[in-house]
Structure formats: C-alpha cells, structure tokens
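Below, each chain spelled out in residue letters.
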Amino acid sequence: MGFELLGYGYAVLVTSGGVIGYIKAGSIASLFAGLLFGVSAWIGAYRLSQNSEKFWVLLGASGTLGAVMGVRFLNSWKFMPAGLIAGASVLMFLKICVDLLFRSHPSRNKSP
C-alpha cells in the first residue's frame, strides 16, 4: 500500500503544478499538461494498487514528464517548476525501476 501512496502523491503534485501554472501565468498549456499527466499518474497509481504488474502507465507518465521537464530545467536552470517536477518524475521512475529489478518472480522461487 505504501508505494501506491507515493504514486497518488506524485499525481497530486503534477496536477496541482499545472493548475498553479494556469492561475499564476494564465498558461493553458500548463493546465492541459498538468491535468493530462496528473490523471495519467493517478490512473497508473490506481492500477498499481490493484495489481503490482500494472505499472506501465505510471512508468510512462513519470518517464515522459521527467524527460520533458528535465530538458526544460537544463535550458533554464530554474528549480520552479521544471526542476521540481523533473526531480519528482525521475525519482518516481527510478523507484518503479528499482522495484522491478528486485522483485521476486514466482519462477525464481521454485525449488529444482
């Protein structure tokens, strides 16, 4: 249950970032991207809570957003918002990858 809470928290962070970008700068692109990736992350976290094999949506959302916002951060060197979202996305992506790497598979646990 703990890992799904990280996914839900990530989804809230991304969605609220898009809404704040719209409120502060009037950026419809920020609102659209925040809602799109926030809802995708929320769906991914929900699917992961139902079945630990359904991690692809959350992995895709965090990987894509990490790459896009990472490039924006490297071009501007501004922590807000690009650095924060890029960092959170990369951490979520790495958390999923590490969990996949160290997951015990039923085929590994069988006795010869």
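One structure accompanies this document, and this report is about it. (Residues numbered from 1 in each chain as written. Predicted model: local features only at pLDDT ≥ 70, side-chain atom pairs only at ≥ 80, totals over all residues. Heavy atoms only, no water.)

A separate point is the overall build of the chain. Across its full length, the chain holds five helices and zero strands. Going from N to C terminus, the chain has its helices and strands arranged as α-α-α-α-α. The buried share of the chain, reckoned over its 112 residues, is 30%. Residue pairs at least 24 apart in sequence account for 59% of intrachain contacts in the chain once pairs closer than 6 positions are excluded. (Helix = DSSP H or I, 4+ residues; strand = E, 2+ residues; numbered from the N terminus. Buried < 20%, exposed > 50% of the residue type's maximum accessible area, 1.4 Å probe, protein only. Contact = heavy atoms within 4.5 Å.)

What follows deals with helix α2 (residues 28-50). The end-to-end C-alpha distance of α2, which contains 23 residues, comes to 33 Å, matching closely the 33 Å that a straight helix rising 1.5 Å per residue would cover. Among the residues of α2, Gly34, Phe37, Gly38, Ala41, Gly44, Ala45 and Leu48 are the ones counted as buried. (Expected span 1.5 Å × (residues − 1).)

Below, the discussion takes up the packing of aromatic side chains. Using the criterion set out here, one finds three aromatic pairs in the structure. Between Phe55 and Trp56 the ring centres are 4.5 Å apart and the planes differ by 35°, which places this aromatic pair in the tilted class. A relative accessible area of 7% places Phe55 in the buried class. Considering the side-chain rings of Phe73 and Trp77, the 5.2 Å spacing of their centres and the 65° angle between planes classify their relative orientation as edge-to-face. Residue Trp77 is classed as exposed on the basis of its relative accessible area, which comes to 62%. (Phe/Tyr/Trp six-rings, centres within 6.5 Å; stacked < 30°, edge-to-face > 60°.)

For the rest of this paragraph, the subject is the nonpolar core. Grouped together as the largest cluster of nonpolar side chains are 19 residues, with contacts concentrated most on Tyr10, Leu58, Leu65, Met69, Met92 and Ile96. Those elements that provide at least two residues to this core are α1 (2-25), α2, α3 (56-76) and α4 (79-101). Residue contributions to this core peak at six residues, all from α4. Those residues within four positions of Ile96 in sequence are excluded, and the remaining contacts are Phe3, Phe55, Leu58, Leu59 and Ser62. (Core = buried A, V, L, I, M, F, W, Y, C linked by side-chain atoms within 4.5 Å.)

With that settled, consider the side chain of Glu4. By the element assignment, Glu4 lies in helix α1. Classification of Glu4 by relative accessible area gives buried; the value is 11%. Sequence-distant contacts of Glu4, that is, excluding residues within four places in its chain, are made with Ala45, Leu48 and Ser49.

Among the secondary structure elements, Ser89 is positioned in helix α4. Ser89 sits in the buried class, given a relative accessible area of 0%. A distance of 2.7 Å separates polar atoms of two side chains, one belonging to Ser89 and the other to Tyr10. With residues up to four places along the chain from it excluded, the contact list for Ser89 reads Tyr10, Ser62, Leu65 and Gly66. (Polar contact = N/O pair within 3.5 Å; in protein donor to acceptor, adjacent residues only side chain to side chain.)

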